[in-house]
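Chain residues, written in single-letter form:
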Amino acid sequence: MTVSFKDQVAIVTGAGGGLGYSHALTLAKHGAAVVVNDFGGRRDGSGGTTEASEAVVREITAAGGRAIANAGNVASEADMTQMVDQALSAFGRIDVLINNAGILRDKSFAKMEIEDFRRVVEVHLMGATIATKAVWAQMREQKYGRVLVTSSTSGSYGNFGQSNYGAAKMGVLGLMNVLHLEGAKYGIHVNAILPTAATRMTGDMMDPSMLELLSPELVSPAAVWLVSRDAPSRTALLAGAGTVARLALVESQGVCFAGQEFTPETVGNRFEEIASLDGQIEVMAGLDHVDRIIANARAALAKED
């Protein structure tokens, strides 16, 4: 398989350093014209400068690629609208959006101010939503698009001190699931990457020996493949330290109580059976789950008759 972005245009948010920088360079090396977005703020989201995005553009163009800089804030609708206008004016279309911008404000839930919770959700979840909304009409019109959201194991599995970040990162998976369904008939695929990498946001959280194994360059090939022409949709890949895996949301077969006694006590008595993942199911849409439990109920009630 050859992955090429020739004649395609990609936007990468938070591309002034770390993962976004690596994604942007990888896209450019594979032929994409790249809009390098970075607000230029500190790790907690304060401040702001254009220097980071402009430096990445210089590196891409020096290597013979095409790129422009954008310093918009993903949490601002006006900024994201302007970014899309800038991309269309420079390159005429938008094929790829990688939502990578993020901040951290870590504290235990007991000590966290609500404003710190709100701000992290605003950048990670609302920022991905606002940026995606800004490109959505263009992708629908051209009947092609690839959108990537950046999630985290802090959401799917949890991580102490990151209730705000974890909540936002699970939220973007919900966004992916729904936009996958809504974008399908327009040729828009929506996927997720769950990276483990040493970046400005995570560099002081890990042992130096671990950092050597967690280069952002060991994430970008997976991220960039997920926005390629041949990529699937509604796929979440975990990538880091040279390993790529798929994250799946599954449910147990469960126990149908239709036509039987159904009380808190009966649920407790059969909890081990309810929770058993023997014969687990990966459900591809919310209504598929509804169809399954309705079928279970009808079958159980038919036996009663």
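Coordinates for the structure precede this section.
One structure accompanies this document, and this report is about it. (Residues numbered from 1 in each chain as written. Predicted model: local features only at pLDDT ≥ 70, side-chain atom pairs only at ≥ 80, totals over all residues. Heavy atoms only, no water.)

Of the regular secondary structure elements, the protein holds 11 helices and 10 strands. Since a compact globule built from 305 residues should have a radius of gyration of about 19 Å, the 22 Å found for the protein is in line with a globular shape. If you line up the protein on its principal axes, its C-alpha atoms span 75 × 45 × 35 Å. Residues classed as buried in the protein amount to 45% of the 305 residues present. In the protein, once contacts between residues fewer than 6 apart in sequence are set aside, the share between residues at least 24 apart is 70%. By element, 55% of the accessible surface of the protein is carried by carbon and sulfur atoms, the whole surface being about 15200 Å². Side-chain charges of the protein comprise 26 positive and 33 negative groups, with the mean position of each set lying 6 Å from the other. (Helix = DSSP H or I, 4+ residues; strand = E, 2+ residues; numbered from the N terminus. Rg over C-alpha atoms; globule rule 2.2 N^0.38 Å. Buried < 20%, exposed > 50% of the residue type's maximum accessible area, 1.4 Å probe, protein only. Contact = heavy atoms within 4.5 Å. Areas by Shrake-Rupley, 256 points an atom, 1.4 Å probe, with all protein chains shown as cover. Lys, Arg positive; Asp, Glu negative; His and termini not counted. Charge placed at Lys NZ, Arg CZ, Asp CG, Glu CD.)

Note on placement: asparagine 37 falls in strand S2 (residues 33-37). Look at asparagine 37 and you get buried, because its relative accessible area is 1%. The contact partners of asparagine 37, leaving out residues within four places of it in the chain, are Val12, Thr13, Gly14, Ala15, Gly16, Asn70, Ala71, Gly72, Val74, Met80 and Met83.

Before going further, it helps to spend a moment on a positive patch on the surface. On the surface, a cluster of positive charge is made up of Lys133, Arg140, Lys143 and Lys185. Here arginine 140 is to be found in helix H4 (residues 114-142). (Patch = residues over 30% accessible without salt bridge, like charges linked within 9 Å, V, L, I, M, F, W, Y side chains within 5 Å. Salt bridge = Lys/Arg side-chain N within 4 Å of Asp/Glu carboxyl O.)

Right, let's talk about the packing of helix H1 (residues 18-29) against helix H2 (residues 51-62) for a bit. Close contact between H1 and H2 brings their axes to 10 Å; oriented N to C, the two are set at 25°. As far as their axial angle goes, H2 and H1 are roughly parallel. Here H1 runs over H2; the crossing is right-handed. Note on element contacts: H2 touches H1 through Val56, Glu59 and Ile60, opposite Tyr21, Ala24, Leu25 and Ala28. For the contact of H1 with H2, the class distribution of residues is 6 nonpolar, no polar and 1 charged. (Axes fitted to C-alpha atoms, helices over the stretch in contact; angles between N-to-C directions. Parallel < 35°, antiparallel > 145°, perpendicular 65-115°, else oblique. Left-handed = near helix turned anticlockwise from the far one by under 90°. Nonpolar A, V, L, I, M, F, W, Y, C, P; charged D, E, K, R; others polar.)

Turning to the sheet that holds strand S8 (residues 243-247), a few remarks are in order. If you walk across this open sheet you meet the 8 strands as S3-S2-S1-S4-S5-S6-S7-S8, and the pairing is mixed. Only two strands of the sheet have a single neighbouring strand rather than two, namely strand S3 (67-70) and S8. If you compare each strand with its neighbour and ignore which way they point, the axes differ by 20° on average. As paired strands, strand S1 (residues 9-12) and strand S4 (residues 96-99) are joined by 3 bridges and run parallel to one another. Bridge pairing links alanine 10 to valine 96 in S4. Taken strand by strand, helix H6 (residues 163-183) contacts strand S5 (145-150), strand S6 (188-195), strand S7 (236-240) and S8, and its axis lies near 160° from that of S6. (Pairing = 2+ DSSP bridges.)

Attention now goes to the pairing of S6. The side chains of a regular strand alternate between the sheet's two faces. S6 sits mainly inside the fold: 7 of its 8 residues count as buried. Sheet analysis places S5 next to S6, joined by 6 bridges and oriented parallel. Looking at the pairing, valine 149 lines up with alanine 192 of S6. Pairing between S6 and S7: 4 bridges, direction parallel. When the sheet's bridge partners are listed, alanine 192 is paired in S7 with alanine 236.

In this section: H6. Because the α-helix completes a turn every 3.6 residues, residues three or four places apart line up on one side. Taking 1.5 Å of rise per residue, 21 residues should cover 30 Å, and H6 covers 30 Å from first to last C-alpha, within 8% of that figure. Turning to H6, its buried residues number three or more, namely Asn164, Tyr165, Gly166, Ala168, Lys169, Val172, Leu173, Leu175, Met176, Leu179, His180 and Gly183. (Expected span 1.5 Å × (residues − 1).)

Glancing now at the packing of H4 against H6. At their nearest, the axes of H4 and H6 sit 8 Å apart, and the two run at 20° to each other. As far as their axial angle goes, H6 and H4 are roughly parallel. Here H4 runs over H6; the crossing is right-handed. Touching Asp116, Phe117, Val120, Val121, His124, Leu125, Ala128, Thr129, Thr132 and Trp136 of H4 are Ser163, Asn164, Tyr165, Ala167, Ala168, Lys169, Gly171, Val172, Leu175, Leu179, Glu182 and Gly183, all from H6. Along the lines of polarity and charge, the residues of the contact of H4 with H6 split into 12 nonpolar, 7 polar and 3 charged.

A word on the packing of aromatic side chains. Within this structure, the stated rule accounts for 2 aromatic pairs. A cation sits over an aromatic face here: arginine 140 above tyrosine 186, 4.1 Å from the ring centre. (Phe/Tyr/Trp six-rings, centres within 6.5 Å; stacked < 30°, edge-to-face > 60°. Lys NZ or Arg CZ within 6 Å of the ring centre and 35° of its normal.)

With respect to burial, S2 is a largely interior element, 5 of its 5 residues being buried. Covered by surrounding structure in S2 are Ala33, Val35 and Asn37 together with Val34 and Val36, the residues of both alternating faces. Of the strand pairs in this sheet, S1 and S2 are connected by 4 bridges, and their pairing is parallel. For valine 12, the partnering residue across the bridge sits in S2 and is valine 36.

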